[in-house]
Amino acid sequence: MSAIVALAAGVPGPEDHAWLEHAAEHSRTAGPDGTRIWMDGLCGLAHALLRTGAGEAGQPLTLDGRTWVSADVRLDAHEDLSRALRSASINMESSDAELVLRAYAAWGDRFLEHLTGDFAFALWDAERRTLLCARDQLGVAPLHYARTGNRLLVASVIDALLLHPAVSDGLDEAALVDHLATGQYREHSATAFAAIRQLPPGHALTWSAGVMKLRRYWQLDPWEPLARFRRPEEVSERFRDLLDAAVDARLTADRATVQLSGGMDSTSVAASAAATLRRRGASATALRAFTGVLGAARGDREGEFSVLVARELGLPVDVVDASALSPVEVFAEPALLTPEPTAYHATTFALDFARLPARHAPIALSGHGADTLLKFVPWYWIEWLGRGSPGRVVRAFADQMRLSRSRPRPHARSIARAIVRSRGSWDAPAPPWLRPEVTAARARHDRVRHLIPPPAGALDARALASDPLWPALFRLGDPSFTRQPVRFRYPFTDLRLVRFVRSLAPEPWLVDKRVLRDSAQGRLPEVITRRPKTALVSVPSIVPPGAHRDLHELVRQCPELDRFLDRSALMDSLASANADGAHRQRELSWALGLAYWLWHRRGITASARCGAGHVRVGER
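To keep things clear, this report deals only with the structure shown in the data block. (Residues numbered from 1 in each chain as written. Predicted model: local features only at pLDDT ≥ 70, side-chain atom pairs only at ≥ 80, totals over all residues. Heavy atoms only, no water.)

### Describing empty space enclosed by the protein
For the coordinates displayed, the defined rule picks out seven cavities of 30 Å³ or more. Within this model, the largest cavity holds a volume of roughly 270 Å³. Along the walls of the largest cavity sit 21 residues, with Tyr380, Trp384, Asp460, Arg462 and Pro506 positioned nearest its centre. Secondary-structure elements contributing two or more residues to the lining of the largest cavity are helix 11 (380-386) and helix 18 (495-502). When its residues are assigned to classes, the lining of the largest cavity shows 14 nonpolar, one polar and six charged. Roughly 100 Å³ of internal volume is contained in the second largest cavity. Lining the second largest cavity are 13 residues; nearest its centre among them are Pro142, His144, Arg475, Ser480 and Phe481. (1 Å grid on protein atoms, 1.4 Å probe; cavity = no way out; pocket = protein on both sides within 12 Å on 5 of 7 lines; lining within 4 Å. Points joined across faces, edges and corners; volume = space filled by probe spheres on them. Helix = DSSP H or I, 4+ residues; strand = E, 2+ residues; numbered from the N terminus. Nonpolar A, V, L, I, M, F, W, Y, C, P; charged D, E, K, R; others polar.)

### A look at the packing of aromatic side chains
All told, the structure shown has 13 aromatic pairs when counted by the stated rule. An aromatic cluster of at least three residues, connected via ring pairs, comprises Trp223, Phe376, Tyr380, Trp384 and Phe397. Above the plane of the ring of Trp384 lies Arg392, whose end atom (NZ or CZ) is 4.5 Å from the centre. (Phe/Tyr/Trp six-rings, centres within 6.5 Å; stacked < 30°, edge-to-face > 60°. Lys NZ or Arg CZ within 6 Å of the ring centre and 35° of its normal.)

### A word on the environment of Ser156
Inspection of the secondary structure assignment puts Ser156 in the loop between strand 9 (151-155) and helix 4 (158-161). The class for Ser156 is buried, based on a relative accessible area of 2%. Those residues within four positions of Ser156 in sequence are excluded, and the remaining contacts are Ser2, Ala3, Ile4, Pro142, Leu143, His144 and Ser480. (Buried < 20%, exposed > 50% of the residue type's maximum accessible area, 1.4 Å probe, protein only. Contact = heavy atoms within 4.5 Å.)

### Quick look at the pairing of strand 6 (residues 117-125)
Counting buried positions over the nine residues of strand 6 gives nine, a clear majority of the element. On strand 6, burial covers both faces: Gly117, Phe119, Phe121, Leu123 and Asp125 on one face and Asp118, Ala120, Ala122 and Trp124 on the other are all buried. Judged from the nine bridges that link them, strand 5 (residues 67-75) and strand 6 form a sheet pairing that is antiparallel. For Leu75, the partnering residue across the bridge sits in strand 6 and is Gly117. Inspection of the sheet shows strand 6 paired to strand 7 (residues 130-135) by six bridges, in the antiparallel sense. Each residue of the ladder has a partner; that of Ala122, found in strand 7, is Cys133. (Pairing = 2+ DSSP bridges.)

### A look at the side chain of Thr67
Structurally, Thr67 is set in strand 5. Judged by its relative accessible area of 10%, Thr67 falls in the buried class.

### Side note on the layout of surface pockets
Approximately 720 Å³ is the volume attributed to the second largest pocket. Contributing to the lining of the second largest pocket are 35 residues, with Arg74, Leu75, His78, Asp96 and Thr252 lying nearest its centre. Mapped onto the lining of the second largest pocket, the elements with two or more residues apiece are strand 5, helix 2 (78-87), helix 3 (96-107) and helix 6 (232-250). Here the lining of the second largest pocket takes five residues from strand 5, the largest share from any one element. The class makeup of the residues in the lining of the second largest pocket is 13 nonpolar, ten polar and twelve charged.

### Observations regarding helix 1 (residues 14-26)
Under the 1.5 Å per step criterion, the end-to-end length of helix 1 is 18 Å for 13 residues, consistent within 8% with the ideal 18 Å. By the burial criterion, the buried members of helix 1 are Asp16, Trp19, Leu20, Ala23 and Ala24. Axial view of helix 1: buried residues confined to an arc of 125°, hence all on one face. Structural note: helix 1 exposes Pro14 and Glu21 on the side pointing more than 90 degrees away from its buried face. (Expected span 1.5 Å × (residues − 1). Arc of directions from axis to C-beta.)

### A closer look at the nonpolar core
Phe111, Leu115, Phe121, Phe239, Leu373 and Phe492 are the most contacted members of the largest nonpolar core, which totals 89 residues. Sort the elements by how many residues they give to this core and helix 7 (residues 264-279) lands first, with seven residues. (Core = buried A, V, L, I, M, F, W, Y, C linked by side-chain atoms within 4.5 Å.)

### Some words on the sheet that holds strand 9
Reading across from one edge, 2-3-1-9-8-10 is the order of the six strands in this open sheet, with antiparallel pairing throughout. Lying at the two open borders of the sheet, with one neighbouring strand each, are strand 2 (35-40) and strand 10 (197-198). As defined by bridge partners, strand 1 (residues 2-8) adjoins strand 3 (residues 43-49) across seven bridges and the pair is classed as antiparallel. Of the residues in strand 3, the one forming a bridge with Ala6 is Leu45. With respect to the sheet, helix 1 is in contact with strand 1, strand 2, strand 3 and strand 9, its orientation differing from that of strand 1 by roughly 175°. (Axes fitted to C-alpha atoms, helices over the stretch in contact; angles between N-to-C directions.)

Okay, structure coming up:
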């Protein structure tokens, strides 16, 4: 796994060659184990390696001298891909980057249909004079691009694009309005910079003769055919096998860490990883757990259950008191300045939880994604009927009665509660510091996000492929964002597992995550498998003691905020911040995070640009 850089231009100039070198060097924050650059005619590729497995070699890579690739890639289903490539008369003993090239040689433009996993890559076809860039189906690996004239610039690390003199560092105000209103960008392609876009998940981008084309190569089907099982045990056994395969595919190194909470998701990943490493004959300390606690005084028992699971699995565990992680010091040197704005209170937490596992291993496993993958939406049968599939409803209910011996329930109360919750989110007053356009964006987001289907949907597992929230969360665990030599991986995003879950009748298998609980029997303590879903306890202090004055001064010194909000109203709200409800505190944290990012970004002298001879950031 690595950071990549690519350039394609009609006539590359000296500034393009210089940019490729500086961008590759800058990308060492995400790939510290060596960089390589290749440039030929219209195209240049660079690669910064983060070694997450044995035998990984530096890139750019070619097998025939005509097709080159720079890839940040970890592929799933190797055996299936190998069999398919053998049938295409291609010899197989390849790294993942080589598999990308071999798949392209075998299937041409349709090769992306055969690839699954976490990947972002740039592939140059010299015969066609075409640069092809692609990002994985769920957007786990980041990829950004900027177009200037007939030139296309591509990079994993967003800052690297800003090193080119033709790429403006002007802000995308619409994207930052979304950040203020909802804590995330509403569009998959948005970034904080107007000149820089993200390649959306499941999309490919091509450049040829100065013409750029964007196309979607994958989308999740509306639903999978319902699977049939003779015994209920077959469901949990199949789920466990697929989870083990997903974990195994992501354990490419001989050491790893796992972010552990006391719930079912991360503990199931930890149990699977421990079993996988034992089968490989790894040492007892090959897997290490990290858990954050807030203390029993705040009603938090996650640490207690996490330690119980770690001991049961024989894992060393580091317990971090997250309540002691204060937000970053307001006027300190911006060593913690992230490439794009984040919630103010989460900056230290997110980056510290990347530093800790990086000390042990280049891979950190996470349970993220399970809540969405296994979410039970009680009105699923209404949507099925609305889409004209009454037979699917009858079959699902019949299987439920046959396998679980329970009668189908219409869940009228659950549907009513969901409607009440969604209406409540629409009616919540906007914070007083937001400008009208930001308030309007917030209202639009709430209506779209909480609209009850049918058929608007995407509140179940489909949200993994449709909600921009997920790529935004994945980037928080990517070295291009954290600048730490550790790659977070998410077994519950494995498409084999996603397809299987979506082939199950929601009831009973997704009610209270039954399929996950059943699959964990014998691996996890019963107190965990029987534990009900509990809400996470949030840190109550957005504005820590002693920081009020500095935050007040930060807002006062940041006139850039005037484009988005009323600074006087924001400063007034700081006084009562910790007395407000949790949602209002999150909104305040989004505003303060933007203020922190804008203030420090204005003051940065952009030393990397100095190296390229281009300094265009204003002085404080």
